[in-house]
Amino acid sequence: MKMIMMTLLAVVLLSSCKKDTDSVMPGGHVPTETAGKWMYGSFAMSEFWSYDGTYQGNPFELAVMFDFKTDGTYEKYFVATTRDYSGCKTEAFTFEKGSVDFNEADGSFTTTPTEGHYRGFYSCFPKQNVNRKMDRSELKPQTYYYETTTASNGQPNLVVRFNKTDTNVSTFRPTSW
């Protein structure tokens, strides 16, 4: 009886010890064709050059990346940068991770973040910079609607909508980093 009690106590103690990596919820279903890294992005074809001839950078950049893992977890990144002619630069970076579940019959996937981070840089207003973890209230599930297509170059695309009937889409392409 003493051995059984000690074994049960050990099981309880070991199961109550959690690492930070245990905060990610168990994952859902990720179809083989959607597993991996996907990026939607745009950048300006023009560049900013100041009147004195110095390079100022791209006036606008935007990218959203998903990394869908075969264990049903995901990471999402959002990056945006803007510059103006006065030399001011604004940068935003958002990161979240958690579980993802694809519903192939419905053509949807739902992300459920368990942690995330916001970072913002404002060169002309440095006292307003942001660098903080997401609050629990900001970690909300999001459902997207998708289809996989093949681009004219033969590469796969992941076409994503926020609502099932949206005509506006975001086309994600395979990427690596």
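Residues numbered from 1 in each chain as written. Predicted model: local features only at pLDDT ≥ 70, side-chain atom pairs only at ≥ 80, totals over all residues. Heavy atoms only, no water.

As a further point, take the overall build of the chain. Helix and strand content of the chain: one helix and eleven strands. The secondary structure elements of the chain, listed N-terminal to C-terminal, are α-β-β-β-β-β-β-β-β-β-β-β. Taking all 177 residues of the chain together, the buried fraction comes to 30%. Taking as baseline every contact in the chain between residues at least 6 positions apart, the subset at least 24 positions apart corresponds to 48%. Of the roughly 11,800 Å² that the chain leaves accessible, carbon and sulfur atoms contribute 57%. (Helix = DSSP H or I, 4+ residues; strand = E, 2+ residues; numbered from the N terminus. Buried < 20%, exposed > 50% of the residue type's maximum accessible area, 1.4 Å probe, protein only. Contact = heavy atoms within 4.5 Å. Areas by Shrake-Rupley, 256 points an atom, 1.4 Å probe, with all protein chains shown as cover.)

Taken as a whole, this structure holds one disulfide when the rule is applied. The disulfide partner of C88 is C124, and the S-S distance across this bridge is 1.8 Å. Across the S-S bond linking C88 and C124, the dihedral sits near -95°, which makes this disulfide left-handed. Of this pair, C88 sits in the loop between β5 (73–83) and β6 (89–103) while C124 sits in the loop between β7 (108–122) and β8 (130–133); the two residues are 36 residues apart in sequence, bridging distant segments of the chain. The exposure class of C124 is partly exposed, given its relative accessible area of 36%. (Disulfide = S-S within 2.5 Å.)

Along the chain, the position of K76 falls in strand β5. For the buried K76, which has no salt bridge, the nearest side chain bearing the opposite charge is E96, at an N-O separation of 4.7 Å. At a separation of 2.9 Å, a polar atom in the side chain of K76 contacts the side chain of Y144. If near-sequence neighbours (up to four positions away) are discounted, K76 is found in contact with V64, M65, F66, T94, F95, E96 and Y144. (Lys, Arg positive; Asp, Glu negative; His and termini not counted. Salt bridge = Lys/Arg side-chain N within 4 Å of Asp/Glu carboxyl O. Polar contact = N/O pair within 3.5 Å; in protein donor to acceptor, adjacent residues only side chain to side chain.)

Looking at the chain, pLDDT values average 81 and 77% of them are 70 or higher. Of all secondary-structure elements in the chain, the lowest mean pLDDT belongs to helix α1 (residues 2–16), at 33, while strand β9 (residues 142–150) reaches the highest, 96. (pLDDT = per-residue confidence, 0-100.)

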